[in-house]
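# Commentary on secondary and tertiary structure
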Amino acid sequence: MVRNEADVMEAFVHQAAELFDQFTFIDVLSTDGTQEMLIKASEEHKNITLLTCKTKEKYQAAMMNCLARKALRAGVDWMFFLDADEFLAVESRFELEEYLRGFGSEVLSMPWINLVPSSYSDFSSFDLGQNFRWTGRTSPYCKVAVSSLYFHNNPDATLAEGNHTISPCNDGTPAAPIIGMPLLHVPVRSRERLKYKMTNSLRFLRSKHNVRDGEGSHVSTILDLIENIESSVGYLNAIAAEYGQNNAKLQVVDPAALDWPVRRLPAYLRDRAPEMRDDATSIGATLAADAEIKWRDPGFVRNAAVGAAIEGGELRIVAQPMSGRMQPLYERFASLPPANPAVAPQLGPEAIPSLLSKTLETTLLPVAFATLSAWSRLIPVLFGIFAVARPRRFVELGVHNGMSFFAGCQVARHLQTETECVAVDSWVGDPHASFHDSSVFDEFKRNLGRDYPDARFIQGMFSHARDCFDDGSIDLLHIDGYHTYDAVKDDFDTWLSKMSDTGIVIFHDINVHERNFGVWQFWRELRARYLGLAFMHSHGLGVLYVGRQDNAIAAIFRWLVENPAYFAAAQKYFEILGENAIDHKAKADEAHRAQQAFESAEGVLPISFNPELGARNEHLIVVAKALKLLMRAIRFKRILLWLFPSRRRRHQKQLKMAKFMRQCLLRFSEAAKVDPAPEGASARRLPENERDEKLRAA
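Okay, so let's go over this structure. (Residues numbered from 1 in each chain as written. Predicted model: local features only at pLDDT ≥ 70, side-chain atom pairs only at ≥ 80, totals over all residues. Heavy atoms only, no water.)

All right, on to the overall build of the chain then. A count of helical and extended segments in the chain gives 22 helices and 24 strands. Residues counted as buried form 51% of the 698 residues belonging to the chain. Residue pairs in contact within the chain that sit at least 24 positions apart in sequence constitute 76% of those at least 6 positions apart. Here the chain displays about 33,500 Å² of accessible surface, and carbon together with sulfur accounts for 52% of that area. (Helix = DSSP H or I, 4+ residues; strand = E, 2+ residues; numbered from the N terminus. Buried < 20%, exposed > 50% of the residue type's maximum accessible area, 1.4 Å probe, protein only. Contact = heavy atoms within 4.5 Å. Areas by Shrake-Rupley, 256 points an atom, 1.4 Å probe, with all protein chains shown as cover.)

Burial within strand β17 (residues 420–425) is extensive, with six of its six residues counted as buried. Burial along β17 is two-sided: the residues Glu420, Val422 and Val424 and Cys421, Ala423 and Asp425 are all buried. In the sheet, strand β16 (residues 393–397) pairs with β17 via five bridges, with the strands oriented parallel. Across the sheet, Val395 pairs through a bridge with Val422, a residue of β17. Each parallel crossover has a hand, and for β16 linked through helix α13 (residues 403–415) to β17 it is right-handed. Pairing analysis gives four bridges linking β17 to strand β20 (residues 456–459), with the strands arranged parallel. (Pairing = 2+ DSSP bridges. Right-handed = clockwise from strand over helix to strand, strands pointing away.)

Now for the sheet that holds strand β3 (residues 78–80). Sheets are built from strands that pair by backbone hydrogen bonding, the pairs being arranged parallel or antiparallel. The mixed open sheet is built from five strands, whose spatial order is β3-β8-β5-β11-β4. The open sheet terminates on both sides in strands that have one partner only, identified here as β3 and β4 (86–88). Direction aside, neighbouring strands of the sheet carry axes that sit 30° apart on average. As judged from the three bridges shared by β4 and strand β11 (residues 183–185), these two strands associate in the antiparallel manner. Residue pairing for β11: Leu88 is matched across the bridge by Leu183. (Axes fitted to C-alpha atoms, helices over the stretch in contact; angles between N-to-C directions.)

For the rest of this paragraph, the subject is the nonpolar core. By size, the foremost hydrophobic cluster in this structure holds 62 residues, and its most contacted members are Phe25, Phe80 and Leu88. At eight residues, the largest contribution of residues to this core is made by helix α1 (residues 6–19). Not counting residues within four places of it along the chain, the set of residues in contact with Phe25 comprises Val2, Met9, Phe12, Val13, Ala16, Leu38, Ile48, Thr49, Leu50 and Leu51. (Core = buried A, V, L, I, M, F, W, Y, C linked by side-chain atoms within 4.5 Å.)

Mapped onto the elements, Tyr545 comes out in strand β24 (residues 541–545). Sequence separation between Tyr545 and Val505 is 40 residues; the distance between their C-alpha atoms is 6.5 Å. At 2.6 Å, the side chain of Tyr545 forms a polar contact with the backbone oxygen of Gln549. Separated by 3.4 Å, the side chains of Tyr545 and Asn551 make a polar contact. (Polar contact = N/O pair within 3.5 Å; in protein donor to acceptor, adjacent residues only side chain to side chain.)

Turning our attention to the packing of α1 against helix α2 (residues 34–44). At a minimum axis separation of 9 Å, α1 and α2 run at an interaxial angle of 15°. Classified by the interaxial angle, the pair formed by α1 and α2 is roughly parallel. Remark: the crossing between α1 and α2 carries right-handed chirality. In this structure, α1 uses Ala6, Met9, Glu10 and Val13 to contact α2, whose residues at the interface are Thr34, Met37, Leu38 and Ala41. By residue class, the composition of the contact of α1 with α2 is six nonpolar, one polar and one charged. (Parallel < 35°, antiparallel > 145°, perpendicular 65-115°, else oblique. Left-handed = near helix turned anticlockwise from the far one by under 90°. Nonpolar A, V, L, I, M, F, W, Y, C, P; charged D, E, K, R; others polar.)

Where nonpolar side chains cluster on the molecular surface, the patch consists of Ile352, Leu356 and Leu360 and spans about 250 Å² of accessible area. In this fold, Ile352 is placed in helix α11 (residues 352–363). (Patch = residues over 30% accessible without salt bridge, like charges linked within 9 Å, V, L, I, M, F, W, Y side chains within 5 Å. Salt bridge = Lys/Arg side-chain N within 4 Å of Asp/Glu carboxyl O.)

The next point concerns the packing of aromatic side chains. This structure, assessed with the given rule, holds 39 aromatic pairs. Arranged with centres 6.3 Å apart and planes meeting at 90°, the rings of Trp427 and Phe457 form a pair that is edge-to-face. Taken together, the positions of Trp427 in the loop between β17 and β18 (429–430) and Phe457 in strand β20 put the pair 30 residues apart, joining distant regions of the chain. Taken together, the ring pairs connect Phe369, Phe386, Phe394, Phe405, Phe406, Trp427, Phe441, Phe444, Tyr452 and Phe457 into an aromatic cluster. The ring centre of Phe123 lies 3.9 Å from the NZ or CZ of Arg193, which sits over that ring. (Phe/Tyr/Trp six-rings, centres within 6.5 Å; stacked < 30°, edge-to-face > 60°. Lys NZ or Arg CZ within 6 Å of the ring centre and 35° of its normal.)

For Ser426, the location among the structural elements is in the loop between β17 and β18. Under the relative-accessibility criterion, Ser426 is labelled buried at 9%. Dropping the residues within four chain positions of it, Ser426 is found in contact with Val301, Gln459, Gly460 and Met461.

Quick look at helix α14 (residues 439–451) now. Taking 1.5 Å per residue as the helical rise, α14 with its 13 residues ought to reach 18 Å, and the 18 Å between its terminal C-alpha atoms agrees with that figure. Here α14 has its buried residues at Val440, Phe441, Phe444, Asn447 and Leu448. Along the axis of α14, the buried positions cluster into a sector of 125°, meaning they face one direction only. α14 presents Arg446 and Arg450 as exposed residues on the side facing more than 90 degrees away from its buried surface. At its buried positions, α14 is contacted by α13, β17 and β20. (Expected span 1.5 Å × (residues − 1). Arc of directions from axis to C-beta.)

Time to look at the pairing of strand β2 (residues 48–52). For β2, a buried count of four out of five residues is recorded, marking the element as mostly surrounded by other parts of the structure. Crossover connection from strand β1 (residues 23–27) via α2 to parallel β2: handedness right-handed.

In this section: the sheet that holds β24. Read from one edge of the open sheet, eight strands run β15-β20-β17-β16-β21-β22-β24-β23, paired in mixed fashion. Where the open sheet ends on each side, the last strands, each with one partner, are β15 (322–323) and β23 (531–535). Strand direction decides the pairing type here: strand β21 (residues 474–479) and strand β22 (residues 499–508), joined by five bridges, are parallel. Of the residues in β22, the one forming a bridge with Ile474 is Met499. Docked against the sheet, α14 engages β17 and β20, running at close to 165° with respect to β20. Against the sheet, helix α18 (residues 552–562) touches β22, β23 and β24, its axis set at about 60° to β23.

Our focus in this paragraph is unusual backbone geometry. Of note in the backbone geometry, Leu29 takes a positive phi value of approximately 50° without being a glycine. Counting through the fold element by element, Leu29 comes out in the loop between β1 and α2. Look at Leu29 and you get buried, because its relative accessible area is 15%. Even without being glycine, Asp171 reaches a positive phi, approximately 65°. Mapped onto the fold, Asp171 is located in the loop between β10 (166–167) and β11. On the basis of relative accessibility, which here comes to 74%, the residue Asp171 falls in the exposed class.

The final tally for this structure, using the stated rule, is 30 salt bridges. Asp83 serves as the salt-bridge partner of Lys143, at 3.0 Å between the closest nitrogen and oxygen. Separated by 60 residues along the polypeptide, Lys143 in strand β8 (residues 142–147) and Asp83 in the loop between β3 and β4 bring together distant segments of the chain. Given a relative accessible area of 1%, Lys143 falls into the buried group. A salt bridge links Asp467 to Arg316; the shortest N-O distance between them is 3.5 Å. Taken as a pair, Asp467 in the loop between α15 (462–466) and β21 and Arg316 in strand β14 (residues 314–319) lie far apart in primary sequence, 151 residues in all. You can call Arg316 buried: its relative accessible area is 18%.

Take a look at the structure:
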């Protein structure tokens, strides 16, 4: 990745042509003549490829991880990740091959030798053929070269910012550095170019959305030295010798007086060292050209993961798909084959019984994940859609806490459809869903990693995520973002090309006519163009067939549209089923939470129980006994209130509490199915008739 390195670019291009089979340059809209040099080099050398990046922020790790995967597909043996001021300390291609052949590790760490020039130049030129000095010790900073075998053994391997380390997986422990050949580093060539580079780095760093702790800390230190201290050659020497280290106490250095060792660049580079060019671009012309640049502003969500994608001759910074294991996915979501093998081309009479049976069975699936959501009672409808459509890829736009998305993951696992489920959201919120803090996203990631680690998510705006999908790559799309008419229309129009030949789009909130919701209006327009089914309960769910194939899915849609009586029965079925499914889940979760709560307080109450009843019933007996004792006190108070009516109004809250406690006692007694035992006694299971009698008495 290069930007405005014209003073050393000719030598660096020569290194690329001499030492490597393939070399890819990423030019970040250079304005000092670098871009013209690289265009010429790519035309003269078949092994040099030029890509352009129009994003000013330095997303170097995203770029290099993208290029690493590209190189792996090309069948390379080793990958080097170099900046324009870095040169390998070898004299020839043969020497490099021999060194790598004898190197005993899959990751080569190359420490910098920071070279101090004997003479500095101006912005436009620099003499690389001169003698350099260095401290005699290598820098603590290294650049890595990686063998393809390392990526083969670690498919999720990730390069860090700056290409200083590589880890076997995202957020993993970096590979142990095996120090190898040094890397000759020429970071300081003139005061003007150094100041220009540091100023731009600091400005671009401030607009970056995901700055890491400590990233670019040396930049402000160097700028302070240049601005606040007389920029004599001695200070430039000190900056060059200790480059990369955040050292604000640098002192004037004279390498010759200190008798530092002399070092030169390899001979094949010295022979090609550029001379002063008459057509070199001055710093004034460079700054004027910089002011005219129209940068691409991606507008990423703060701290969201980003990646890179190659589109023609441009390398674009895009939203980064992640797995539930928090590993990046470096490939785009590819187009799907036109025909879905799990969907019959026609809906014959012989196929209807088995399809109906499987669909009914799937809709009765117990809900595994339930939370407060307007989607809750629509989950059986989603289960039914999966049973009929068997989507190969399911994408949800607008996820929030993941109620409907996790239901899709659950039914895909149940049906064994191998559906790739992808969640897309900014996890920031909007005026309709309300705005929220990072805890919602954190909770979603925890649930995803625990239950569905192979599912995917993209944190970003819908327009950002769209760039990760090829046309025709989605079978089932759920649009549930911002609900104004313009927003939902834009979501549909911009994602329609991503739908496969068997595509289905579902819309939530088609039955909401308040707070500027416009989904109902857009849904009415779509019904005139496509086959659509509208389930009106729980805020409404529209199911639209947008596929181009006339298959079994289209036949089912057509049949339900043409037979409204049958669809009305289906509507009622799903409405009742949704109510019961979520009520069952809520009760099951309530019992589970009660069990956990009482397990955490185990041993507090001095009551012994029959171990054959199991821990769950034992704890329910405890709470039932406690509630029964409390009811006695409340009953006594109610008698007092009946005797003294003047105090009744003052104690309405106590009366309501009494009613609530009575309901709790019935519920817990029903759950335990045992008689609350007296203190110190063992509980016994009651016969059915005796239990009912005691419940009535309670």
